[in-house]
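# Report on the structure
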Amino acid sequence: MAADIRMTTIASSMRLIEKIASLRAPLSEARRRGQSIALVPTMGYLHEGHLHLVDVARRHAAVVVLSVFVNPLQFGPHEDFTRYPRDLEGDAMKAERRGVDLLFAPPVEELYASDRTVAVTPLSLADRWEGAARPGHFTGVLTVVTKLFNIVQPTVAVFGQKDIQQATLIKALARDLDFGVKIVIANTVREPDGLAMSSRNAYLAPEERRRALVLWRTLRAVSEAFDAGEYDGVELEQLGWEILATEPEVQVDYLAIVDPQRLEPVAVAEQGTIVAIAARVGGTRLIDNVILGAL
Ligand code: PAF
């Protein structure tokens, strides 16, 4: 049904838009027709994980806007901003085939004036984990997501569970700053062997890719131990560290067993507790997580 609505309303094929001003007309037209709008923010180099977000967005709204923007603000000075993989032509083909209505791919100057003086900074939710490992990262993420919410004014926005701290912060952003946007978190899509899909997997050499599987082995084992009745946070964490130690070349930043609201370590795990890992495999930093009781 959503596909029919789309054909009669927006356009028969996707539009690629670079300017904020050019997005306004099709979005106003959709709103005039009473259509709901879903936003899927991405940094491009689309893989099946992103396209799953598009599918989820389509279930929630008649019009799907996908943004592709490698956001310089969320990369630290020694991070991979310049070498982050980009392929706008390939992204456009994939997005169109998946039924995206509007692909918004602004150049950096379109989103950031050189004399900008305002950013959106998180409070305590960003103190630990990714926030501690990547100072300023979440200010970059929340600033660009705020801008995208203001530009697109979506009814719903879809983010991936793989970036669980980001997802938690964006839910807080929408609530605390009264955006009136429903935030939907979509499941992580995995390769057949369990590796979470990520644009950064493209950096992994074959041997590194094999080593990276220890993240999934660890998360699955902790999750299975929980399902088998182990609720003690310390015991679950110890099990996780034992499995991570089987790949000594993988440098673990953190293994966190935390509650889903505050992302603080729990003494006793329960349904919904998050187990999250960040680790460096060669030069590539990977993150992954599971929600206990949900596998
Ligand atoms: O998850 C990402 O790809 C990015 O952090 C996001 C949400 C698109 C903001 O740049």
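Further up the page is the structure itself.
Just so it is clear, the structure is predicted and the values come from calculations on it, not from any experiment.

### Here's the deal with the nonpolar core
In this structure, F104 and F149 are the most contacted members of the largest nonpolar core, which totals 46 residues. Sorting elements by how many residues they give to this core places helix α7 (residues 137–152) first, with nine residues. Contact partners of F149, with chain neighbours within four places excluded, come to L39, P154, A157, F159, I170, L173, F179, V181 and I183.

### Brief notes about the environment of V275
By secondary structure assignment, the location of V275 is in strand β8 (residues 274–281). Exposure remark for V275: the relative accessible area of 1% places this residue in the buried category. Separated by 155 residues in sequence, V275 and V120 have C-alpha atoms that sit 27 Å apart. Not counting residues up to four positions away in its chain, the partners in contact with V275 are L219, V222, L255, A256, I257, D288, N289, V290 and L292.

### Looking at the site of the ligand
Around the ligand, the neighbouring residues are P41, T42, M43, N71, Q74, V141, V144, F159 and Q166. Between the ligand and the protein, one listed contact pairs an oxygen atom with a side-chain N or O atom of Q74 at 2.6 Å. Within the side chain of Q166, a nitrogen or oxygen atom sits 2.6 Å from an oxygen atom of the ligand. Counting residues per element, the ones that place at least two in the shell around the ligand are β2 (37–42) and α7. Class assignment for the residues of the shell around the ligand results in five nonpolar, four polar and no charged.

### Remarks on the sheet that holds strand β9 (residues 284–291)
Taken together, the three strands give an open sheet; going across it, the order is β7-β8-β9, and neighbouring strands pair in antiparallel fashion. The open sheet has two edge strands with one neighbour each: β7 (251–258) and β9. This sheet shows a mean twist of 10° between the axes of neighbouring strands, independent of strand direction. Looking at chain direction, β7 and β8 are connected through seven bridges and run antiparallel. Its bridge partner being in β8, V258 is matched across the sheet by I274.

### Looking at the environment of N201
Tracing the chain through its elements places N201 in the loop between β6 (182–186) and α9 (206–227). On the accessibility criterion, N201 (15% relative accessible area) is buried. In this structure, the C-alpha to C-alpha distance between N201 and A212, residues 11 residues apart in sequence, is 9.3 Å. Setting aside anything within four residues of it in sequence, one finds N201 in contact with L195, A196 and L286.

Analysis parameters
Residues numbered from 1 in each chain as written. Predicted model: local features only at pLDDT ≥ 70, side-chain atom pairs only at ≥ 80, totals over all residues. Heavy atoms only, no water. Core = buried A, V, L, I, M, F, W, Y, C linked by side-chain atoms within 4.5 Å. Buried < 20%, exposed > 50% of the residue type's maximum accessible area, 1.4 Å probe, protein only. Helix = DSSP H or I, 4+ residues; strand = E, 2+ residues; numbered from the N terminus. Contact = heavy atoms within 4.5 Å. Near = heavy atom within 4 Å. Polar contact = N/O pair within 3.5 Å; in protein donor to acceptor, adjacent residues only side chain to side chain. Nonpolar A, V, L, I, M, F, W, Y, C, P; charged D, E, K, R; others polar. Pairing = 2+ DSSP bridges. Axes fitted to C-alpha atoms, helices over the stretch in contact; angles between N-to-C directions.

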